[in-house]
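Inside the fold
The lines below spell out each chain.
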Amino acid sequence: MTSSSLIHPTDGPGRVLHVTPESAGWDHVEFGVVEVNPGAPWSGASAGRETAIVPLAGEGRVVAGDGDMEVELSRDSVFTQMASIVYLPPGTPYRIESDAGLQASVGSAPAEGRYPVRVFEPSEMRIEIRGGGQAYRQVVHSLSHPLPAERLILYEVYVPRGTWRPRG
């Protein structure tokens with residue numbers, strides 16, 4: 001990645017990465033990674049956009065709405081376990097808090113608000129194996145059909161050790 005890349009780390013406390021449709025030349029998706037530390041919560045609300053919060057590593061909680069819903073999230077690593085995902089309809093205020101430290105991704109896409117606040121559990125997510133040999137991949141459909149969202153689609157792809165090679 002060169003310094004002229006459209007996707008690069010963000011300066012400032014809390015936000016590690018922030019990619020907007022404008023900064024990346026995309027039509028719809030906004031994506032970011034936030035670091036939440038004790039005493040330094042992260043909050044937001046996206047009018048006209050559905051939002052998904054996915055823990056990447058650490059422990060914390062998401063408080064949605066006016067405190068109507070509080071969800072504990074934890075994950076050792078994206079490489080060792082699947083995670084629960086918090087889904088928020090457009091305009092829902094949220095706050096991510098942590099007593100021990102949490103890194104989370106926050107993604108959003110335009111939506112009308114057809115679905116309520118919800119937690120998607122790993123047991124609801126479809127898993128499939130694609131390819132074979134050196135092209136073997138495990139694809140986790142973290143938020144995709146039949147799980148209800150308007151536009152936002154999330155996948156995690158695991159590439160087992162030894163099944164990838166750098167180009168060059």
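We now turn to the structure provided with this report. Here the structure is a predicted model, which is why all the values come from computation and not from measurement.

1. Re the overall build of the chain
Broken down by element type, the chain carries one helix and 12 strands. Going residue by residue from the N terminus, the α and β elements of the chain occur as β-α-β-β-β-β-β-β-β-β-β-β-β. A burial count over the chain gives 39% of its 168 residues as buried. If you take every contact in the chain between residues at least 6 apart in sequence, the share linking residues at least 24 apart comes to 62%. When the accessible surface of the chain is split by element, carbon and sulfur atoms take 52% of a total near 9,700 Å².

2. With respect to the layout of surface pockets
Taken as a whole, the largest pocket encloses approximately 230 Å³ of empty space. Around the largest pocket sit 17 residues that line it, and F31, V54, S105, L154 and Y155 are the ones nearest its centre. Taken together, the elements giving at least two residues each to the lining of the largest pocket come down to strand 2 (30-36), strand 4 (49-64), strand 8 (102-110) and strand 12 (154-158). Lining the second largest pocket are 16 residues; nearest its centre among them are R15, H18, E30, Y94 and V106. For the lining of the second largest pocket, a count of residues per class yields six nonpolar, eight polar and two charged.

3. Describing a negative patch on the surface
Side chains of E59, E70, E72 and D76 sit close together on the surface and give a patch of like negative charge. With respect to the helices and strands, the residue E59 is situated in strand 4.

4. A short note on the sheet that holds strand 10 (residues 126-130)
A sheet is described by the order of its strands in space; here three strands give the open sequence 10-11-12, paired in antiparallel fashion. Whereas interior strands pair on both sides, the edge strands pair on one side only; in this sheet they are strand 10 and strand 12. Strand-to-strand twist across the sheet, computed as the mean angle between neighbouring axes with direction ignored, equals 25°. In this structure, strand 10 lies alongside strand 11 (residues 137-143), joined through five bridges in antiparallel fashion. Looking at strand 11, one finds that I129 is bridged to Q138.

5. Some words on unusual backbone geometry
Here the bond from H145 into P146 is cis, since omega is 15°, no more than 30 degrees from zero. Here P146 is to be found in the loop between strand 11 and strand 12.

Cut-offs used in this document
Residues numbered from 1 in each chain as written. Predicted model: local features only at pLDDT ≥ 70, side-chain atom pairs only at ≥ 80, totals over all residues. Heavy atoms only, no water. Helix = DSSP H or I, 4+ residues; strand = E, 2+ residues; numbered from the N terminus. Buried < 20%, exposed > 50% of the residue type's maximum accessible area, 1.4 Å probe, protein only. Contact = heavy atoms within 4.5 Å. Areas by Shrake-Rupley, 256 points an atom, 1.4 Å probe, with all protein chains shown as cover. 1 Å grid on protein atoms, 1.4 Å probe; cavity = no way out; pocket = protein on both sides within 12 Å on 5 of 7 lines; lining within 4 Å. Points joined across faces, edges and corners; volume = space filled by probe spheres on them. Nonpolar A, V, L, I, M, F, W, Y, C, P; charged D, E, K, R; others polar. Patch = residues over 30% accessible without salt bridge, like charges linked within 9 Å, V, L, I, M, F, W, Y side chains within 5 Å. Salt bridge = Lys/Arg side-chain N within 4 Å of Asp/Glu carboxyl O. Lys, Arg positive; Asp, Glu negative; His and termini not counted. Charge placed at Lys NZ, Arg CZ, Asp CG, Glu CD. Pairing = 2+ DSSP bridges. Axes fitted to C-alpha atoms, helices over the stretch in contact; angles between N-to-C directions.

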